[in-house]
Every structure is written in C-alpha cells, then in structure tokens.
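Survey of secondary and tertiary structure
Residue strings, one per chain:
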Number of protein chains: 2
Amino acid sequence: MNSENLDLVFSALSDATRRGILANLAKGERTVHEITAAFDISQPAISRHLRVLDHAGLVRREKRGRETYVMASAETAAHAADWLAHYVNFWTAHFERMDQILFSNEE
Amino acid sequence: MNSENLDLVFSALSDATRRGILANLAKGERTVHEITAAFDISQPAISRHLRVLDHAGLVRREKRGRETYVMASAETAAHAADWLAHYVNFWTAHFERMDQILFSNEE
DNA sequence: CGAATCCATAACCATGTTGTTATGAATTCA
DNA sequence: TGAATTCATAACAACATGGTTATGGATTCG
C-alpha cells in the first residue's frame, strides 16, 4: 500500500458517518437506499460518502437492476491496520528498550 | 476511544507529511528543529502538523529550554489500530461464513 | 406506456485544511 | 547586555470537504 492509498484510506476513516456506514456493512451488503435510511443526511450526501469509501478501496459497489449494493472490502482496511500496527510495534519496542536502559538492574 | 478521538486520529494519519513525522519518531524523540530540517516545508507548517498530531494524541511535546522535544505516543495509535482490526476481523469473518455457505460440501 | 423508485451528479454555500510570510516570546550564547 | 536560536501563533490565500437542493438517467411497477 503506497502513501497515496494511505491518504485515501485514513481520510475516508476520519469521518464518523463513513465509519458508521462501514459498521452497517459488518453484517453484510446493503443497498444505498437502506444506508440512506439509517442516517439523518440526504441521499446525495450518502452517495458521496460511498464514493469516498469506494475510492479508498474500503467498499465495493455493485449495481443490480436499479439498486446499488454496497459491501465492505476488508483487504484495504487490513493493509492500513498493518501499517498502523507496524508503527505501534516500533514505538512500543523503542519504549521498552528505553525502559530497559533506564530501569535495568544489570548495569 | 470515542468517535471524536477516532476523527482526530484518522484525520491526523491522513496526511503524508504527518505520517513521515511519525516515521521519524520511530527511532526516538526529535526536536522541532530536527523535524523541520527533514522536510521541505516551513517551520510554522511543521509546528501546525505537530499540533494536529498532539491534539490527536499521537505525539507528546516537551519543552526543555528553548527546544521542544517531540516523541511518539503509541497508545492512541494502538487504539485506532484495534478499532480497524476489529472491523477487518468482522468483515473477514463474515466473508468466511459466506464462503462456507456458498462453497460448503456439506449441504 | 406512464408513474414511481433508486441513485449519481451538478451547482452552490459554509467551513476546514495546508501552505505561506511576518512577528514575537523565551532561551541560550558570546 | 545584545545577538542568535528555537518555536508558536496570527493573518492570509488557495483549495478541499461536507452539507444542501435540483435534476435526470436507468429500472421497475401498474
């Protein structure tokens, strides 16, 4: 996952409505109509949130008839989670080393 | 970690410069001056990026004399990583269930 | 076919973000 | 003390974001 993708993914995740949409998709695919009904904003606003999530690779959209089904796409989120976990591990390891250095009894 | 915190954390992570700063801090604390030298933008721009990271809880700043030392704060990032991992697991588990349903031989 | 439904896009407005330069407070150095 | 260094903040410009309403294409229903 390159830097531009991380921009898109984290930016997409930085909005509570979009995280709410992703939470809605945890139980399975939903139509745009169903998603719109679950929030207090207009359908065009939902459509744009979905475009942002789609562009970030966090959801896929499939048009079937006049309905568009939206489903979570776990892989991209997994990459972002890996990126974050990598740094968390790095920092934690560093602090543990610092703890060893600062508080070691074996000096 | 509440929704507002997640807004701040993911928003902070959505900028390549800020992720670069965090990468710089993986090896230990840095002064604002050192961080500024590592990027091609002005010192005030760096200061504001640091404020965003600080506000999100991703770094801490300590003033010592006339220098401000910046260090990564792993805990907040860990919470965000957990949040993400939770959904990744949820989606993946769902898809695995779907796979079982769709491709099971035990019907 | 005509009406209704589903959804995307355009146009617009208010607000937020990210860069810049200018400036000044606090600290250190000579 | 005077000069230099470090850093934060203010003010501004350019652009991005997120909401709205209006609209129209595609599909389905009667």
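Here we summarise the structure given alongside this text. Bear in mind that the values here come from a model prediction, so they are computed numbers and not experimental data.

Residue and element names in this part refer to chain B. Pairing is antiparallel in the open sheet, where three strands are placed in the order S1-S3-S2. For this open sheet the edge positions go to strand S1 (30-31) and strand S2 (59-64), each flanked by a neighbour on one side alone. Here two bridges tie S1 to strand S3 (residues 67-72), and the two strands are oriented antiparallel to one another. For Thr 31, the partnering residue across the bridge sits in S3 and is Tyr 69. Along the sheet, helix H4 (residues 43-55) makes contact with S2 and S3, crossing S2 at roughly 120°.

Before going further, it helps to spend a moment on the protein's contact with DNA strand C. Every one of the 21 residues lining DNA strand C counts as a neighbour, but His33(A), Ser47(A), Ser42(B), Arg48(B) and His49(B) are closest to it. Within 4 Å of the protein, the contacting atoms of DNA strand C are 60% sugar and phosphate, with bases supplying the remainder. Between DNA strand C and Arg66(A) there is a distance of 3.2 Å, counted from a sugar or linking oxygen to a side-chain nitrogen or oxygen. Within the side chain of Arg18(B), an N or O atom sits 3.1 Å from a phosphate oxygen of DNA strand C. Counting only elements with at least two residues in the surface near DNA strand C, the list comes to helix H3 (32-37), helix H4 (43-56) and strand S3 (67-72) of chain A together with H4 of chain B. Taken together, the residues of the surface near DNA strand C break down into five nonpolar, eight polar and eight charged.

The pairing of strand S2 (residues 59-64) of chain A with S3(A) spans six bridges and is classified as antiparallel. In the sheet register, Arg61(A) faces S3(A), and the bridge partner there is Val70(A).

Parameters and conventions
Residues numbered from 1 in each chain as written. Chains lettered and ligands numbered in written order. Predicted model: local features only at pLDDT ≥ 70, side-chain atom pairs only at ≥ 80, totals over all residues. Heavy atoms only, no water. Pairing = 2+ DSSP bridges. Helix = DSSP H or I, 4+ residues; strand = E, 2+ residues; numbered from the N terminus. Contact = heavy atoms within 4.5 Å. Axes fitted to C-alpha atoms, helices over the stretch in contact; angles between N-to-C directions. Near = heavy atom within 4 Å. Polar contact = N/O pair within 3.5 Å; in protein donor to acceptor, adjacent residues only side chain to side chain. Nonpolar A, V, L, I, M, F, W, Y, C, P; charged D, E, K, R; others polar.

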